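# Tertiary structure, described
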Amino acid sequence: MITLLAGGVGGARLLRGLAAVVPSGDLTVIVNTGDDDEFYGLAVSPDIDTILYTLADLAPLERGWGIDGDTFRVREELDLLAGKGWFALGDRDIATHVYRTWRLRQGATLTLVTAELCRARGIGVRVLPMSDDPVRTQVISDRGVLAFQDYLVRLRAQPAVRSVRYRGARKAAPAAGVIEAIENSSLVVIAPSNPFVSVGPILALPGVRPALARARARVVAVSPLIGGRAVKGPLADMLGAMGRKADVGAIADFYKGLATRLVVAPGDRPRQAAGRAMEILEHDILLLEPARARALATFLCGPAVAR
Ligand code: FO1
């Protein structure tokens, strides 16, 4: 069994590579739900949907989220009725949110609804929300406390981030199967997702850090930075605003004690690697094309990493 801890686009791209080299019955992905939000009364889980659409071959390769070629007629009508919106919901994407909102209102858990969405789209990989309880990532910034989508999309990640917090995480429980997946996997991969806002919410859930620490000899993280820059999203700016250098040393520090290996881009090996309790491995980690995601997945499942 291989388990991936993932956020949105970066995690989905690596998962697509893993799904090409690992039998789907042996693959579990634990997905961040800290980005979840409500729009027009609809329950939206952006990272879960990005993972599902990527596995169903529906996601646009470059943009990463939503359904490729989707139309926006409902959204245009809603702008007429409710004023201009800032979160682009496509017509086919809205069907996912209507279905999820409808089933949650019937009392189904997010885990069950996600399994139903996987079945409907022919997805064999086990997709586990990190929790069935509400956890919301908040960004403490120079523009005050912001809900995550407000920060990332409405304000285009412009506010300077001081810190991040995960409202509800302490009271939330990891979803059924999350801790067991970490404990029973021969390899746990932490995806090249933003450690603060995509992986951080998963780590904030009671029991997850201790489970990873116990399993750390089998845990490998993939750097979300290449040459000090994030492939996608605000990580480099976040690190800067927090007074940290945007380099793989900061990533190694974040995962110290939870992973024993860190895969970085060729040439990104940190100079003071000796001082870190992590083995640094170099490999191409730019996953834009599926072939490169498959190559990294093969490397992760190969003898250099998987014990
Ligand atoms: N990101 C944007 O930058 N602009 C959008 O309008 C937008 C809409 C959207 C709708 C559904 C969905 O699942 C994701 C969407 N995203 C959008 C991406 C989303 O904000 C991020 O992918 C995650 O929250 C970060 O991983």
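So, here's what we can say about the structure. (Residues numbered from 1 in each chain as written. Predicted model: local features only at pLDDT ≥ 70, side-chain atom pairs only at ≥ 80, totals over all residues. Heavy atoms only, no water.)

## A short note on the packing of helix α1 (residues 9-21) against helix α2 (residues 46-55)
- Relative orientation of the contacting elements α1 and α2 amounts to 35°, with a least axis distance of 9 Å. Handedness of the crossing formed by α1 with α2: right-handed. Of the residues in α2, those in contact with V9, G11, A12, L15, R16 and A19 of α1 are T50, I51, T54 and L55.
- Residue composition of the contact of α1 with α2, by class: 6 nonpolar, 3 polar and 1 charged. (Axes fitted to C-alpha atoms, helices over the stretch in contact; angles between N-to-C directions. Helix = DSSP H or I, 4+ residues; strand = E, 2+ residues; numbered from the N terminus. Left-handed = near helix turned anticlockwise from the far one by under 90°. Contact = heavy atoms within 4.5 Å. Nonpolar A, V, L, I, M, F, W, Y, C, P; charged D, E, K, R; others polar.)

## Topic: the environment of R261
- Structurally, R261 can be placed in strand β13 (residues 261-264).
- Taking relative accessible area as the criterion, R261 reaches 1% and is therefore assigned buried.
- Engagement of the side chain of R261 in a polar contact is seen with the backbone oxygen of V305, the distance being 2.8 Å. (Buried < 20%, exposed > 50% of the residue type's maximum accessible area, 1.4 Å probe, protein only. Polar contact = N/O pair within 3.5 Å; in protein donor to acceptor, adjacent residues only side chain to side chain.)

## Structural notes on the sheet that holds strand β7 (residues 144-147)
- Pairing within the open sheet is antiparallel, and its 3 strands lie in the order β7-β6-β8. Taken across any chain shown, the strands that pair with only one partner, and hence form the sheet edges, are β7 and β8 (161-167). This sheet shows a mean twist of 25° between the axes of neighbouring strands, independent of strand direction.
- By the bridge criterion, 4 bridges tie strand β6 (residues 136-141) to β7 in an arrangement that is antiparallel. By the bridge assignment for β7, S141 is matched with G144.
- Taken strand by strand, helix α8 (residues 195-203) contacts β6 and β8, and its axis lies near 25° from that of β8. (Pairing = 2+ DSSP bridges.)

## Notes on the pairing of strand β2 (residues 27-31)
- Within β2, 5 of the 5 residues are buried, leaving the element largely enclosed by the surrounding structure.
- Taking every second residue as pointing to the same face, both faces of β2 are buried, with L27, V29 and V31 on one and T28 and I30 on the other.
- Where strand β1 (residues 2-6) and β2 come together, 5 bridges link them in parallel fashion. Each residue of the ladder has a partner; that of I2, found in β2, is L27.
- Crossover handedness for the path β1 to α1 to β2: right-handed.
- The pairing of β2 with strand β5 (residues 126-129) spans 4 bridges and is parallel. Bridge pairing in β5 places T28 opposite R126. (Right-handed = clockwise from strand over helix to strand, strands pointing away.)

## Observations regarding the site of the ligand
- Taken together, 13 residues form the shell around the ligand, and within it D35, P46, D47, A88 and Q149 come nearest.
- A total of 530 Å² of accessible area belongs to the ligand in isolation, and the protein chains cover 86% of it.
- Of all elements in the fold, only α2 and α6 (148-154) reach the threshold of two or more residues within the shell around the ligand.
- Broken down by element, the residue count for the shell around the ligand peaks at 4 residues, all from α6.
- When its residues are assigned to classes, the shell around the ligand shows 8 nonpolar, 2 polar and 3 charged. (Near = heavy atom within 4 Å. Areas by Shrake-Rupley, 256 points an atom, 1.4 Å probe, with all protein chains shown as cover.)

## Focus: the pattern of salt bridges
- In this structure the tally under the stated criterion is 12 salt bridges.
- Notably, a salt bridge pairs D247 with K245, separated by 3.6 Å at the nearest N-O pair.
- Classification of K245 as exposed rests on a relative accessible area of 59%.
- Each of R75, D79 and K84 takes part in salt bridges that share partners, so that together they form one network. (Salt bridge = Lys/Arg side-chain N within 4 Å of Asp/Glu carboxyl O.)

## Description of the packing of α2 against helix α4 (residues 91-105)
- Packing of α2 against α4 leaves a shortest axis separation of 12 Å and a crossing angle of 120°. Comparing the axis directions of α2 and α4 gives the class oblique. Judged by the sense of rotation from one axis to the other, the crossing of α2 with α4 is right-handed. Between α2, through I48, D49 and Y53, and α4, the contact on the second element is made entirely by R92, D93, T96, H97 and R100.
- Across the contact of α2 with α4, the residue classes tally to 2 nonpolar, 2 polar and 4 charged. (Parallel < 35°, antiparallel > 145°, perpendicular 65-115°, else oblique.)

## Topic: the packing of aromatic side chains
- Scanning the entire structure with this criterion turns up 7 aromatic pairs.
- Judged by centre distance (5.7 Å) and plane angle (75°), the rings of Y99 and W102 are edge-to-face. Highlighted residues: Y99 and W102, both in helix α4, separated by 3 residues, approximately one helical turn.
- By relative accessible area, which is 25% here, Y99 ends up partly exposed.
- Relative accessible area serves as the criterion here: at 49%, W102 is assigned to the partly exposed category.
- Relative to F254, the ring of F196 lies with its centre 5.3 Å away and its plane at 80°, an arrangement referred to as edge-to-face. With F196 in helix α8 and F254 in helix α11 (residues 248-255), this residue pair connects regions lying 58 residues apart in the sequence.
- Among the aromatic residues, ring-to-ring pairing joins F39, W86 and F87 into one connected group. (Phe/Tyr/Trp six-rings, centres within 6.5 Å; stacked < 30°, edge-to-face > 60°.)

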